[in-house]
Amino acid sequence: MKISDATIIALIELLNNHYQANIASRFMRPLLLQLPIKKWVWDAIDSFVQNVSLFDYQKFNHADLYRQLLAFSHFISTTRRQLLPVLRNRTLKFSGPDKILMDMAVNTFPSNMDLLAEYTKQLYYKLVEFDKANATDTLPIYRQYKELEEMIPRL
């Protein structure tokens, strides 16, 4: 099923913009790439980011969005466990204006991760609502993602 709900589209764009601007910035990405995150997680997140830019041309697939939200959930969980406690010790060394920007990225990163988790939850719950409303004779797709159903409330 293809997604065309305006609220879901707005949340997709919000999640994407926040991720690109505040999480995967040039200052944080090198640190994130050192995390023990499985390839499928990176692939799903990259697919999400790439598909947002193509949204006008091809609609998001319902099942793909659940898989991508599962990837974001794994990413958020791993980042909180592995990077946040040691973030200040692992920052890259910059000088001049880049040092100030790096310090700003590090100082705001925990709250930016909280926002990413909140946007992920909001999108998941809206997607489940959409799924329930549009599942006619079949089982809603979100039921196939039990792991996501367990992870989302813990974000």
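Residues numbered from 1 in each chain as written. Predicted model: local features only at pLDDT ≥ 70, side-chain atom pairs only at ≥ 80, totals over all residues. Heavy atoms only, no water.

A. Spotlight on the packing of helix 3 (residues 39-53) against helix 4 (residues 62-82). Following both chains from N to C, one finds helix 3 and helix 4 inclined at 120°, their axes separated by 8 Å at the closest point. In terms of their interaxial angle, helix 3 and helix 4 are classed as oblique. When the axes of helix 3 and helix 4 are compared, the crossing they make is left-handed. Where helix 3 approaches helix 4, its residues Trp40, Val41, Trp42, Ala44, Ile45, Ser47, Phe48 and Asn51 are matched on the opposing element by Leu65, Arg67, Gln68, Leu70, Ala71, Phe72, His74 and Phe75. When the residues that make up the contact of helix 3 with helix 4 are grouped by side-chain class, the tally is eleven nonpolar, four polar and one charged. (Axes fitted to C-alpha atoms, helices over the stretch in contact; angles between N-to-C directions. Helix = DSSP H or I, 4+ residues; strand = E, 2+ residues; numbered from the N terminus. Parallel < 35°, antiparallel > 145°, perpendicular 65-115°, else oblique. Left-handed = near helix turned anticlockwise from the far one by under 90°. Contact = heavy atoms within 4.5 Å. Nonpolar A, V, L, I, M, F, W, Y, C, P; charged D, E, K, R; others polar.)

B. Representation of the side chain of Asn112. Within the fold, Asn112 resides in helix 6 (residues 97-134). Note on Asn112: relative accessible area 9%, which makes it buried. Not counting the four nearest positions on each side in its chain, Asn112 is found in contact with His18, Asn22 and Ile23. (Buried < 20%, exposed > 50% of the residue type's maximum accessible area, 1.4 Å probe, protein only.)

C. Highlighting the packing of helix 1 (residues 6-23) against helix 3. Running from N to C, helix 1 and helix 3 point in directions that differ by 115°, and their axes come no closer than 10 Å. The angle between helix 1 and helix 3 falls in the class roughly perpendicular. At the point where helix 1 passes helix 3, the crossing takes the left-handed sense. Residues Ile12, Glu13, Leu15, Asn16, Tyr19 and Gln20 of helix 1 touch helix 3, and the partners they reach there are Trp42, Ile45, Phe48, Val49 and Val52. Residue composition of the contact of helix 1 with helix 3, grouped by class: eight nonpolar, two polar and one charged.

D. Main features of the confidence of the model for the protein chain. Residues of the protein chain with pLDDT of at least 70 account for 94%, and the chain-wide mean is 88. Helix 4 holds the highest mean pLDDT among the elements of the protein chain, 94, whereas helix 5 (residues 87-90) holds the lowest, 80. (pLDDT = per-residue confidence, 0-100.)

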